[in-house]
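Structural characterization, general
So the chains spell out like this:
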Amino acid sequence: MSKLWQARFFTTVNQLRDLPDTTVPEIAFAGRSNAGKSTAINILCNQKGLAFASKTPGRTQHINYFSIGGAHVAQHRKDPTIVDEIECLLVDLPGYGYAEVSGSAKLHWQRLLGDYVQRREQLAALILIMDSRRPFTELDIQMLEWFAPTGKPIHCILTKVDKLNRNESVNVLRQAKAKLDSYVDEDGEGFPFTVQLFSALKRIGIEEANDKILELAGVSDDEAAAQVDLIEMEDDAEPDEQ
């Protein structure tokens, strides 16, 4: 099993001043509404309802944190999360685009996103979720350009590749790599941008995404399997209810 399966809800915030004062690495997930961000998070963490997808795209405007480490696997365990044992935090950023919200709410939303990705020291990397049929929209590019000056890695996940045939998949990946390679700093050096194909429906790219996220967070998967074995032993040792 993956270490990501340990993900549990940690906190939600709507103002930068309310961000947790933890020091562990944060891996943020960003993407346009309807790009499949919530689905990707849920399947990577092997939990159907961990990340919430609003029925009205663009309405979910909070930053949601999920902890990795500091507790037993998944959310069915009721033991409290031990904050000092958290190894990293997954951060679900508000989806952008299609928002049927007021201008003032949208401005607050944009500032929240922009300030978080540009200024949050704990943010180790950005996972940019894009629909493989419509990658690099204007808002996706804005997110890239907000984050690029930090010099931190961006890993792009092109979702819904089950909707493409083989040739289309090959072409969209090639074009995405070329697009990312076109970004260079003032010295002409490329940025640490990577990209992959992904399908929750066909379970394409799950292992690749899992390994990349853990690598970016500096977290090892080695202890995860051992923890599962320990929990199973504890469950087997519990007496049956009469």
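The structure we're discussing is the one just above.
Residues numbered from 1 in each chain as written. Predicted model: local features only at pLDDT ≥ 70, side-chain atom pairs only at ≥ 80, totals over all residues. Heavy atoms only, no water.

**Observations regarding unusual backbone geometry**
Located in the positive-phi region is phenylalanine 136, a residue other than glycine, with phi close to 55 degrees. Structurally, phenylalanine 136 is set in the loop between strand E5 (123-131) and helix H3 (138-147). The backbone phi angle of arginine 203 is positive, close to 55 degrees, even though this residue is not glycine. By the secondary structure assignment, arginine 203 is in the loop between strand E7 (193-197) and helix H5 (206-217). Its relative accessible area of 55% is what places arginine 203 among the exposed residues. (Helix = DSSP H or I, 4+ residues; strand = E, 2+ residues; numbered from the N terminus. Buried < 20%, exposed > 50% of the residue type's maximum accessible area, 1.4 Å probe, protein only.)

**Details of the packing of aromatic side chains**
Per the counting criterion, the structure on display carries 3 aromatic pairs. With a centroid separation of 5.4 Å and 15 degrees between ring planes, the pair formed by phenylalanine 191 and phenylalanine 193 is classed as stacked. Among the residues examined, phenylalanine 191 registers a relative accessible area of 23% and is labelled partly exposed. Taken together, the ring pairs in this structure connect Tyr183, Phe191 and Phe193 into an aromatic cluster. (Phe/Tyr/Trp six-rings, centres within 6.5 Å; stacked < 30°, edge-to-face > 60°.)

**Examining H3**
Every α-helix winds through 3.6 residues per turn, so residues three or four apart in the chain are directed the same way. Residues Asp140, Met143, Leu144, Trp146 and Phe147 constitute the buried set of H3. The arc enclosing the buried residues of H3, seen along the axis, measures out at 165 degrees, which places them on a common side. (Arc of directions from axis to C-beta.)

**Re the sheet that holds strand E2 (residues 26-31)**
Sheet strands associate in pairs through backbone hydrogen bonding, adopting either a parallel or an antiparallel arrangement. Read across the open sheet, the 7 strands follow the order E1-E3-E4-E2-E5-E6-E7; overall the sheet is mixed. What marks the edges here is a single partner per strand, and that holds for strand E1 (8-13) and E7. Across the sheet, the mean angle from the axis of one strand to that of its neighbour is 25 degrees, orientation sign disregarded. Sheet strands in contact with helix H4 (residues 166-181) are strand E6 (154-159) and E7, and its direction is about 170 degrees off that of E7. (Pairing = 2+ DSSP bridges. Axes fitted to C-alpha atoms, helices over the stretch in contact; angles between N-to-C directions. Contact = heavy atoms within 4.5 Å.)

**Description of the pairing of strand E4 (residues 88-92)**
Within E4, 5 of the 5 residues are buried, leaving the element largely enclosed by the surrounding structure. Residues Cys88, Leu90 and Asp92 line one face of E4 and the alternating positions Leu89 and Val91 line the opposite face, and both faces are buried. As defined by bridge partners, E2 adjoins E4 across 4 bridges and the pair is classed as parallel. In the sheet register, glutamate 26 faces E4, and the bridge partner there is leucine 89.

**Details of the pattern of salt bridges**
According to the stated counting rule, one finds 8 salt bridges in the structure shown. Between glutamate 87 and lysine 3 there is a salt bridge, with the nearest N and O atoms lying 2.8 Å from each other. In this pair, glutamate 87 sits in the loop between strand E3 (63-68) and E4 while lysine 3 sits in the segment before E1, placing the two residues 84 residues apart along the sequence. With relative accessibility at 30%, the residue glutamate 87 sits in the partly exposed group. (Salt bridge = Lys/Arg side-chain N within 4 Å of Asp/Glu carboxyl O.)

**Topic: the side chain of serine 2**
With respect to the element layout, serine 2 can be found in the segment before E1. We classify serine 2 as buried; its relative accessible area is 8%. A polar contact of 2.9 Å, which involves the side chain of serine 2, links it to the backbone nitrogen of leucine 4. Polar contacts involving the side chain of serine 2 include one to the side chain of asparagine 210, which spans 2.3 Å. (Polar contact = N/O pair within 3.5 Å; in protein donor to acceptor, adjacent residues only side chain to side chain.)

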